[in-house]
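Close look at the chain arrangement
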Amino acid sequence: MSPLLEAHDLHRTYDLQGEPVHAVRGASLTVPASDFLALVGPSGSGKSTLLHLLAGVDRPTSGTVRMGGVVVSDLPDRARARHRLLQVGLVFQRFHLLPMLTALENVEIPMAEAGVGRTEREARAAELLVRVGLGDRLGHRPGELSGGQQQRVAIARALSNRPPLLLADEPTGELDRKTGEGIRALFAELRADGTAIVVATHDQHLADAADRELWMVDGRLSEHAP
Amino acid sequence: MIVRCALRELTRHPLRTLLAVAGVAVAGAMLVDMLMLSNGLQTSFRELLESAGYEVRVSPAGTLPLDTEATIRDADALIERLREESGVAGVAPVLAANLSMHGELERSVFALGVDPDAQGVFRMLSGRPPGPGEVVLGPEGAGGDTLSLAAFGTLGAVAGTTPRALRVTGRARFLYVSESEVPVALELGTLQAITGRRDRVSFVMVAATPGTDPDALAARLAERFPEVRIVSIGELVEQAEQRLSYFRQLAFILGSVSLIVAALLIGTIAAVSISDRYGTIAAARAIGISRRSILLTLLLESLAQSAAAVAVGLTLGLVTARQLERILSDFPGLPEAVRFFVPDARILGIAAAGILGIAALAALIPAYRVTRMPIATTLHREEP
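Since this is a predicted model, take the numbers as computed values, not measurements.

A count of helical and extended segments in chain B gives eleven helices and ten strands. In terms of C-alpha radius of gyration, chain B reaches 31 Å, well past the compact-globule figure of 21 Å for 384 residues. Considering only C-alpha atoms, chain B reaches an extent of 100 × 50 × 30 Å along its principal axes. Residue burial in chain B is summarised as follows: out of 384 residues, 41% are buried. A fraction of 83% describes how many contacts in chain B between residues 6 or more apart in sequence connect residues 24 or more apart.

Helix and strand content of chain A: seven helices and ten strands. Against the 2.2 N^0.38 benchmark of 17 Å for 226 residues, chain A shows a C-alpha radius of gyration of 17 Å, consistent with a compact globule. C-alpha atoms of chain A, sized along the principal axes, occupy 50 × 45 × 40 Å. For chain A, the proportion of contacts with a sequence separation of at least 24, taken over those separated by at least 6, is 69%.

For the rest of this paragraph, the subject is the sheet that holds strand β7 (residues 165-169) of chain A. Residue and element names in this part refer to chain A. Pairing in this open sheet of six strands is mixed, and the strands run β6-β7-β8-β3-β9-β10 from one edge to the other. Each having just a single partner strand, β6 (88-91) and β10 (220-222) make up the two edges of the open sheet. Strand-to-strand, the axes of this sheet are offset by a mean angle of 20 degrees, without reference to chain direction. Of the pairings in the sheet, the one linking β7 to strand β8 (residues 196-201) comprises five bridges and is parallel in character. Paired with leucine 165 across the two strands is alanine 196, which belongs to β8. Most of the contacts of helix α6 (residues 177-192) go to β8, to which it runs at about 150 degrees, and overall it touches β3 (36-40), β7 and β8.

Take the nonpolar core next. Counting 181 residues, the largest nonpolar core has Leu39, Leu54 and Leu167 of chain A together with Val24, Val94, Val204 and Ile266 of chain B as its most contacted members. When residues of this core are assigned to their parent elements, the largest contribution, 17 residues, is made by helix α2 (residues 14-51) of chain B. Summarising the domain contributions, this core has at least three residues from each of domain 1 (2-48 + 243-382) and domain 2 (62-226) of chain B. Each residue touching leucine 167 of chain A, except ones within four places of it in the same chain, is listed here: Leu51, Leu54, Ala55, Val88, Gly89, Leu90 and Val198 of chain A.

What follows deals with the interface of chain A and chain B. Each side of the interface is counted separately: chain A has 23 residues, and chain B has 19 residues. Taken together, the residues of the side of chain A that touches chain B sort by class into twelve nonpolar, four polar and seven charged.

Our focus in this paragraph is the confidence of the model for chain B. Residue and element names in this part refer to chain B. For chain B, mean pLDDT is 84; residues scoring 70 or higher make up 91% of the total. Contacts from residues 153-160, a stretch scored under 50 in pLDDT, to residues over four places away or in other chains number eleven contacts. Among the prediction metrics, the complex's ipTM stands at 0.91, with pTM recorded as 0.73.

The next point concerns helix α4 (residues 118-131) of chain A. All names here are of chain A. For α4, which comprises 14 residues, the first-to-last C-alpha distance of 20 Å matches the rise-based estimate of 20 Å (1.5 Å per residue) to within 8%. Turning to α4, its buried residues number three or more, namely Arg121, Ala125, Leu128 and Leu129. Viewed along the axis of α4, the buried residues span an arc of 95 degrees, placing them on a single side of the element. Projecting away from the buried face of α4 at angles above 90 degrees are the exposed residues Thr119, Glu120 and Ala123. On the buried face of α4, the contacting elements are α3 (103-114) and α5 (147-158).

Another point: the environment of aspartate 58 of chain A. With respect to the helices and strands, the residue aspartate 58 of chain A is situated in the loop between α1 (47-55) and β4 (62-67). Spatially, the C-alpha atoms of aspartate 58 of chain A and alanine 123 of chain A are 32 Å apart, while their sequence positions differ by 65 residues. In this structure aspartate 58 of chain A touches Arg12, Thr49, His52 and Leu53 of chain A together with Ala376 of chain B, once residues within four positions along its chain are discounted.

Bringing the sheet that holds strand β1 (residues 5-16) of chain A into the picture now. Residue and element names in this part refer to chain A. Reading across from one edge, β2-β1-β4-β5 is the order of the four strands in this open sheet, with antiparallel pairing throughout. Each end of this open sheet is capped by a strand with a single partner; those strands are β2 (19-31) and β5 (70-71). On top of the sheet, α1 reaches β1, β2 and β4; it is set at about 125 degrees to β1, its chief contact.

Further remarks concern the domain arrangement of chain B. You can read the domains of chain B as domain 1 (2-48 + 243-382) and domain 2 (62-226). Put simply, the middle of domain 1 of chain B and the middle of domain 2 of chain B, counted by C-alpha atoms, are 50 Å apart.

Residue and element names in this part refer to chain A. Here β1 pairs with β2 via ten bridges, running antiparallel. Counterpart to alanine 7 in the pairing with β2 is leucine 29. Hairpin connection between β1 and β2: a loop of two residues separates the two successive antiparallel strands, and glutamine 17 in this loop has a positive phi of roughly 50 degrees.

With that settled, the discussion passes to unusual backbone geometry. What you tend to see is this: most non-glycine residues have negative phi, and most peptide bonds are trans. Residues and elements named next belong to chain A. Its identity is not glycine, yet arginine 162 carries a phi of approximately 55 degrees, on the positive side. Inspection of the secondary structure assignment puts arginine 162 in the loop between α5 and β7. According to the C-beta neighbour criterion, arginine 162 is exposed, with 12 such atoms within 10 Å. Phi angles above zero are rare outside glycine, and glutamate 170 is one such case at about 45 degrees. Position of glutamate 170 among the secondary structure elements: in the loop between β7 and α6.

All names here are of chain B. Structurally, the position occupied by isoleucine 72 is in the loop between β1 (56-60) and α3 (75-84). For isoleucine 72, a count of 24 C-beta atoms within 10 Å puts it in the buried group. With eleven residues separating them along the chain, isoleucine 72 and alanine 61 place their C-alpha atoms 8.4 Å apart. Ignoring anything within four residues of it in the chain, the contact list for isoleucine 72 reads Pro60, Leu78, Arg200, Val201 and Val228.

Residue and element names in this part refer to chain B. Where helix α8 (residues 278-286) meets helix α11 (residues 375-382), the axes come as close as 9 Å, and the angle between the chain directions of the two elements is 135 degrees. Our classification of the angle between α8 and α11 gives oblique. The handedness of the crossing between α8 and α11 is left-handed. Contact residues: Tyr278, Gly279, Ala282, Ala283, Arg285 and Ala286 in α8; Ile375, Thr378, Leu379 and Glu382 in α11. Considering only residue class, the contact of α8 with α11 consists of six nonpolar, two polar and two charged.

Conventions we followed
- Residues numbered from 1 in each chain as written.
- Chains lettered and ligands numbered in written order.
- Predicted model: local features only at pLDDT ≥ 70, side-chain atom pairs only at ≥ 80, totals over all residues.
- Helix = DSSP H or I, 4+ residues; strand = E, 2+ residues; numbered from the N terminus.
- Rg over C-alpha atoms; globule rule 2.2 N^0.38 Å.
- Buried ≥ 20, exposed ≤ 12 C-beta atoms within 10 Å, placed from the backbone.
- Contact = placed C-beta atoms within 7 Å.
- Pairing = 2+ DSSP bridges.
- Axes fitted to C-alpha atoms, helices over the stretch in contact; angles between N-to-C directions.
- Core = buried A, V, L, I, M, F, W, Y, C linked by C-beta atoms within 7 Å.
- Domains from an automatic or database assignment.
- Nonpolar A, V, L, I, M, F, W, Y, C, P; charged D, E, K, R; others polar.
- pLDDT = per-residue confidence, 0-100.
- Expected span 1.5 Å × (residues − 1).
- Arc of directions from axis to C-beta.
- Parallel < 35°, antiparallel > 145°, perpendicular 65-115°, else oblique.
- Left-handed = near helix turned anticlockwise from the far one by under 90°.

As structure tokens, then:
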């Protein structure tokens, strides 16, 4: 059975005031369906950049990202946006919810973009919020929710178009330990339901909850801790 | 969803939205006023001339009606010849003169001598038009059954300057008289006798028969009567437009300035509002929201804000125009019916479209830029 996601020899080099910065150097990995992978490493090691490349948010300088038989890194901008909308769920450290919308409406947004009708998306958004434990917070705006609750809304938003892959960048980075535990438990549930998860994290507890860990140091990926 | 996002974003910062709406509304009000000013005098002048029901004016050579104190001599013969011309439905001679009013009040009046059966310089409000030895007064001012009038100044030397008692027959609204003047109307022969200007008139109004082109009639009559000046209302309006072209230029410059101010204000507010949300917008693009959706949302925000400003601005512009009209209508020598600011649906539409168009353009630049920002770099910058 072919893996859900395959990255081959990814390189990403930035130009910083005329000097090349090698953020990712020759990273290769595969993510099977229902896998829970943790990318661990110090700040500035290239974890977020790798996650962006895997999501199709950024293009590699060289190398390929393939998902479902499609070479994502070769897709034009509009097709990559559509790919991210339907195939990948993205979660950020700072949640990035729309502050003027309610939790329910925030979860609806990717579905509205995908063309899902209002009745269906409202029902699906409510169902997802119940699933992440926020059934009693549907009409609350982000400013009225705690950090952990906002991250749960962000996870529900990421899952709204039922993507097979969830990518999370430091999802517990802004949360206290107890709230972080809730997010870890939620990831475990999602994985059990068949969603593949890749997290970039400093949080060793979260990394321990994953099926496997990959270490990233100076843009290089390794199966072993440095 | 796009509409909801745009409107909610505006209500999220009520003070910012309110100040932006107020700023654009003031610029919009100024634009409305300038557009009305650029058009108002011409429009009201044309309406005033057309309201008399006579489309052609005959005045002494080299002058325009009431432009100078010059008069047309041998007026009776001219009027008879004009009446015989084809395409002429009616002829209304007018003699204008300043008279001195004697009685309880000593004051100057502006007298118009007319043919009571054919005149287009006043509308009766009460009573009946003046016959020989009679007078019609303006809407307000001295009352009583009789009025004593005489020619004054240099005309005092000519015949008929003895104060003459005239019977008051009614009151009328005068079309071509300014608020500062006290108008009265007399039968033409009576005024000619008082002023010693027998067989003279200041100007003659000519009505065209139905289906006759007034411009063509005026041109034909001008050829037939070279001793006088004959122009149509259209030509008079054109000449007035030339004389008042500085109003248009002033209005154009100030109107353009108000549009530029509105554009800068909207552009600045849009840029500030968007730069506050770089991280959220980059995240929205990262989760697959298209550039088009984001651009539409941001443009809609600006348009909704500007639409509110347009509603306030148009109202404010109309209110301001009324106040300015009051000030400018005191300008000496202007007929009461002439208006500087004439409200017009077309002008309001142009102002609204102008502000909304400029709002879309001003917001387009920062909105377009943010959708072109590299997502990953922006997220790196926004995330800790």
